[in-house]
Amino acid sequence: GALSFNIKNLDPSLLGFRLDREYGICCRVGLHCAPEAHKSIGTLPEGTVRLSPGYFNLPSEIEQTLKAVREIVATAN
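The paragraphs below set out a description of the structure included in this document. Note that the structure is predicted; figures quoted are calculated from it, not measured. (Residues numbered from 1 in each chain as written. Predicted model: local features only at pLDDT ≥ 70, side-chain atom pairs only at ≥ 80, totals over all residues. Heavy atoms only, no water.)

**Details of the sheet that holds strand E2 (residues 28–30)**
The strand order across the open sheet built from three strands is E1-E3-E2, with neighbouring strands paired in antiparallel fashion. With partners counted over all chains shown, the strands left at the sheet margins are strand E1 (3–5) and E2, one partner each. With direction set aside, neighbouring strand axes in the sheet form an average angle of 20 degrees. Where helix H1 (residues 12–23) meets the sheet, it contacts E1, E2 and strand E3 (48–51), and its direction lies at approximately 35 degrees from that of E3. (Pairing = 2+ DSSP bridges. Helix = DSSP H or I, 4+ residues; strand = E, 2+ residues; numbered from the N terminus. Axes fitted to C-alpha atoms, helices over the stretch in contact; angles between N-to-C directions. Contact = heavy atoms within 4.5 Å.)

**Considering unusual backbone geometry**
Residue Leu 44 is joined to Pro 45 through a cis peptide bond whose omega torsion reads 10 degrees. On the secondary structure map, Pro 45 appears in the loop between helix H2 (35–41) and E3. The phi dihedral of Asn 9 is positive, around 65 degrees, even though this residue is not glycine. Here Asn 9 lies in the loop between E1 and H1. With a relative accessible area of 70%, Asn 9 lands in the exposed category. In this structure, Cys 33 is a non-glycine residue whose phi angle is positive, near 60 degrees. Inspection of the secondary structure puts Cys 33 in the loop between E2 and H2. (Buried < 20%, exposed > 50% of the residue type's maximum accessible area, 1.4 Å probe, protein only.)

See the structure below:
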């Protein structure tokens, strides 16, 4: 599965960059080869941040990702 999201008032590219550089969390940002889908959900032209947790991800890794997003949001506002 995949989770695609945005944080209000935070550019998805910046969020993705910070997740990668500061926390070592791999993600994708942008239109994900689906500009028409983004047009219909109102995320064009910036797109979204996309995470794809898998079977082998540990619950602790999910918690680490949630914590990282919370920290970035807290420092961005």
